[in-house]
Structure formats: C-alpha cells, structure tokens
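The residues making up each chain are set out below.
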Amino acid sequence: MLDFRALRVPIVQAPMAGGPSTPELAAAVSNAGALGFLAAGYRTAEALDEQIHRTRLLTGQPFGVNLFVPQPSAATPEALAAYATELAADAAGAGVELGHTHPDDDAWTAKLEVLLALRPAVASFTFGSPDAETVGRLGDAGVLVLVTVTSLDEARVALANGAPALVVQGPLAGGHRGTFDPAAPPPSDDLDTLFGRIHHYTDAPLLVAGGLTTPAEVAHALARGAVAAQLGTAFLLAREAGTNPVQRAALLDPQFTETAVTRAFSGRPARGLVNDFLRRHDATAPLGYPEVNQLTTPLRAAATVAGDPHGTNVWAGAGFRSIRSGSAAEIVRHLAKEIV
Ligand SMILES: Cc1cc2nc3c(=O)[nH]c(=O)nc-3n(C[C@H](O)[C@H](O)[C@H](O)COP(=O)(O)O)c2cc1C
C-alpha cells in the first residue's frame, strides 16, 4: 500500500476531469517523484481502462485514479425547465440544441470493477464517500483509498466508512467542490482552519488542496502536518496536460481577473474564471447535477470550438494568477522549491 512519506516529492497532481488529466501528465508527475492522477469522471469505464494501461506504459511509478461518487440529483423538473428556457437564447445564438437530461451515475459500478481489476496505487473519490464495503474491497486489493472532504462532518462520515486517508479540500479550490451534499451551505472555514479541525480530530494521513499555487503555499501546507499538497490549477498549463486551447489562453488572459463558485455550468458548485456566461446565469442557475451539466454540454462545446472563453467553463482555483507553463517535471520542481 502506498505510503505518502515514501514519495520523493510530497506533491499530488489533482485529478482533473474534462480534459486536463491525461496519462502523459500523470506519468510525468509520477516520474518526477510526485504523484500523478487520472480522472475517471465523464469517461466510459473502457476509456478509463485504456488510460490506466497507457499510463503504465509511460511510468513504473505509482499513480492514482479518481472517481465521482454518484449522488441523488437535487434537480426539480420545474427548475430545470426554467433554466432551459433561460438558456434557449444562448443555444440559438450558438446554433445548437440544449443537451437532453437523463439519469447518469458516471458508470460507477463498471469503473469500480476497473479499479479492482487493475489496482492503481491510489483511488480517490469526490462528491461523497464510498461505503464501507467498497472501501474494504479496494483496501483488500492493495489500493489506497482517499476521500475528498470539505467539512469535519464529511471527514467523520468518510472515516466511519473506513477511509484510511483524506483529501481536505478548501473553498478556494478550482473545479467542483467535493461537497457530499451540494445543497449544503458553502463552508465558512478557510483551508487552514478546516485542516486544523480535521487534523485535531483524526490521526489519519491528510492531504490538503485548494488554492495552492506557489512554493511557499505548498511548504506552509506541509509544515502544518499534511502528508502531501494536492494541486490542480498549478498543472493546467503543463505541456502534458490536456487543457484545451481556449482554457489555456483564458488562464493567461489579463481580462480574467477573478474566480467565483457557481452552479451555472454544471448544477453543482464549482470554481472557475468569472466570464460572461457565469455573470449572466450564476444567480438563476438551479442545483441539479448532472442534469444542468447535460443541458449546457452542447453550449460549452460550441464555445470551445469557436474559441470563446466567455461561453464555457474555465475551472480554476483562486491562485490561478501564479501558475506557470512548462513541463510537468519543471512545475513539480518549482512547487517543491521551498519544502524543507
Ligand atoms: C479543471 C479542474 C478539474 C477538476 N476535476 C476534478 C475531478 O475530476 N475530480 C476531483 O476529485 N477533483 C477535481 N478537481 C478539484 C481538484 O481535485 C482539487 O481539489 C483542486 O484542483 C485544488 O485546488 P487548486 O485547483 O486551487 O489547486 C478539479 C479541479 C480543476 C481545476
């Protein structure tokens, strides 16, 4: 079973579904002595299987795989219909139809079978905690389970289910919040406070994530007692990342100055660059993942093809202004500079 203290560099490249996470990125990060991650979200189980195999061709080092835990949708038909009406003008402008909504558990069972068969060193989970049986089966297969938590209550649930280690995700994190219940009020604790609370509660190894993009922030997180710092946004401009050209350009474009948490794109709170779509729909978008995500998929795809950073989600953490381009190995070396 992987022991984080055995990593040459106590840095984890966060899983980033939707494009940025690639076998090339995960392997390059792991080859640099840190821990790379594949993101299974939105992929088929077959594609995940292929990605794990491909990563193994590129590195002999450990890496992780991340899954979305299925959750009951909070959407009501009325709220979805009202949002679809609001988005109709966007769809007409882009020359596309809105996506169809349907139940989707992101192929949970099939992906778990892939993990049990291929046994990556680490499996992390977000949007909830796997149950005790699942945690036990993965543990028996030699896979270290990590559960992403955004509050002490969530940490309690994950630990009660047998999670051997946690990723403590703070409010400045890029992308989706791992919150188990997306309808719950947003966490009021900053990352340091949240980490302190959970660290006080448990001896389990804790990773820390959310808004860390500089060597000093990484060093600070480790000095507080985290076994590793997990960073996503810091790797978005890595050469090996699959970040699309519109997102890469937007991250460097001075017109984008801030990030915000919104459910406008996916129906679940997620942090991204403040752009026109977010400004227009943030206040009215309903809770409802995955349905809102499905509704907006064609709009976001059209904006990406058109090269329009105002029509699609550009997930990014609050520290995006400090990120660097370069190879993943260069980024790992840079981020590790102040670790003592
Ligand atoms: C583009 C992007 C996609 C993400 N996708 C996932 C994902 O698939 N699974 C997951 O657990 N976390 C995902 N996250 C959140 C990260 O795991 C991590 O919590 C976050 O990146 C930490 O904050 P930072 O971006 O400020 O470093 C994503 C983050 C970003 C920026």
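Above this note sits the structure.
These notes cover the structure that comes with them. In this text, all values refer to a predicted model and were calculated from it rather than measured experimentally.

1. Points about the site of the ligand
Moving on, step 1. Inspection of the region around the ligand gives 21 residues, with N66, Q169, G211, G232 and T233 positioned closest.
Moving on, step 2. In the environment of the ligand, a nitrogen atom lies 2.7 Å from a nitrogen or oxygen atom belonging to the side chain of N66.
Moving on, step 3. In the environment of the ligand, an oxygen atom lies 2.7 Å from a nitrogen or oxygen atom belonging to the backbone of G211.
Moving on, step 4. A total of 590 Å² of accessible area belongs to the ligand in isolation, and the protein chains cover 95% of it.
Moving on, step 5. Elements supplying a minimum of two residues to the shell around the ligand: strand 3 (63-68) and strand 9 (228-231).
Moving on, step 6. For the shell around the ligand, a count of residues per class yields 10 nonpolar, 11 polar and no charged.

2. Some remarks on helix 1 (residues 23-31)
Moving on, step 1. Burial runs high along helix 1: 7 of the 9 residues are buried.
Moving on, step 2. Of the residues making up helix 1, those classed as buried are P23, L25, A26, A27, A28, V29 and S30.
Moving on, step 3. Of the residues flanking the end of helix 1, it is G33, one or two places downstream, whose phi is positive at about 100°.

3. Re the packing of helix 2 (residues 45-58) against helix 4 (residues 108-118)
Moving on, step 1. Where helix 2 meets helix 4, the closest approach of the two axes is 9 Å, and the angle between their N-to-C directions is 25°. Judged by the angle between their axes, helix 2 and helix 4 are roughly parallel. Classified by chirality, the crossing of helix 4 by helix 2 is right-handed. Mapping the contact onto sequence places A45, L48, D49, I52, H53 and R56 in helix 2 and A110, K111, V114 and L118 in helix 4.
Moving on, step 2. Residue composition of the contact of helix 2 with helix 4, by class: 6 nonpolar, 1 polar and 3 charged.

Calculation notes
Residues numbered from 1 in each chain as written. Predicted model: local features only at pLDDT ≥ 70, side-chain atom pairs only at ≥ 80, totals over all residues. Heavy atoms only, no water. Near = heavy atom within 4 Å. Polar contact = N/O pair within 3.5 Å; in protein donor to acceptor, adjacent residues only side chain to side chain. Areas by Shrake-Rupley, 256 points an atom, 1.4 Å probe, with all protein chains shown as cover. Helix = DSSP H or I, 4+ residues; strand = E, 2+ residues; numbered from the N terminus. Nonpolar A, V, L, I, M, F, W, Y, C, P; charged D, E, K, R; others polar. Buried < 20%, exposed > 50% of the residue type's maximum accessible area, 1.4 Å probe, protein only. Axes fitted to C-alpha atoms, helices over the stretch in contact; angles between N-to-C directions. Parallel < 35°, antiparallel > 145°, perpendicular 65-115°, else oblique. Left-handed = near helix turned anticlockwise from the far one by under 90°. Contact = heavy atoms within 4.5 Å.

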